[in-house]
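Structural features, examined
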Amino acid sequence: MSRQVLELEAILNELVVEHRRLLKHVDVQQAAMRTMDLTTMADCAKLQEASRLRLATLETKRRTVVMLIARQHNVHGNMTVAEIAALHPQRGTALLKLREALKDAMNDLASRTHVAGRLAGAVLGHLNTVVRLLAGAVEKAGLYTRQGIPEVSNRIGVMDAVG
């Protein structure tokens, strides 16, 4: 059995663990969003970014190991985990289980973040509207009526002031 196959198995296991960790950070952040706990949201954002960096590093390692395995078997192009499992039947079942666990973790993460992304987009749209309304009100300096409607005073032009 190849050392690279064992290394691939370890990397896949680390990817599953890291995706689950990122999912926990997302859950904590969404709970903090419900209660408007800004410090927890900021902390979770930092932890999520660290997890994303670790995932990117692990993905680079995985691609390198798969490339080495492909080169070892004189295969040109990319190899899938199923193809590697077929070439190494003694570790094949473990590789396929890890592949399924990784797919499940990625699907869970994608479904949870999809809803949060849609919610964040809606909130940002509303905030954008509020900021535009405020900017429009600030441009028109003047008095406000009792109903809260700005009453723009007539400005005196240069010619009116002289004449």
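Residues numbered from 1 in each chain as written. Predicted model: local features only at pLDDT ≥ 70, side-chain atom pairs only at ≥ 80, totals over all residues. Heavy atoms only, no water.

This part covers the nonpolar core. Residues Leu8, Leu12, Leu15, Ile69, Met79, Ile84 and Leu95 are the most contacted members of the largest nonpolar core, which totals 23 residues. For this core, the element with the most residues is helix H1 (residues 3-35), which contributes 9 residues. Look past the residues within four positions of Leu15 in its chain and what remains in contact with it is Leu55, Leu58, Glu59, Arg62 and Leu102. (Core = buried A, V, L, I, M, F, W, Y, C linked by side-chain atoms within 4.5 Å. Buried < 20%, exposed > 50% of the residue type's maximum accessible area, 1.4 Å probe, protein only. Helix = DSSP H or I, 4+ residues; strand = E, 2+ residues; numbered from the N terminus. Contact = heavy atoms within 4.5 Å.)

Here we come to the pattern of salt bridges. As enumerated under the stated definition, the model contains 10 salt bridges in all. In this structure, Asp108 and Arg20 form a salt bridge, with 3.1 Å as the shortest nitrogen-oxygen distance. Taken together, the residues Asp108 in helix H4 (residues 89-139) and Arg20 in helix H1 connect sequence positions 88 residues apart. Judged by relative accessible area, which is 32%, Asp108 ranks as partly exposed. Two residues, Arg52 and Glu49, come together in a salt bridge whose shortest N-O distance is 3.5 Å. Here Glu49 and Arg52 lie together in helix H2 (residues 38-72), a separation of 3 residues that amounts to about one turn. The exposure class assigned to Glu49 is partly exposed, which follows from its relative accessible area of 41%. Overlapping salt bridges, with partners in common, bring together Glu18, Arg21 and Arg54 in one network. (Salt bridge = Lys/Arg side-chain N within 4 Å of Asp/Glu carboxyl O.)

These values are about where atoms sit, not about what they do.
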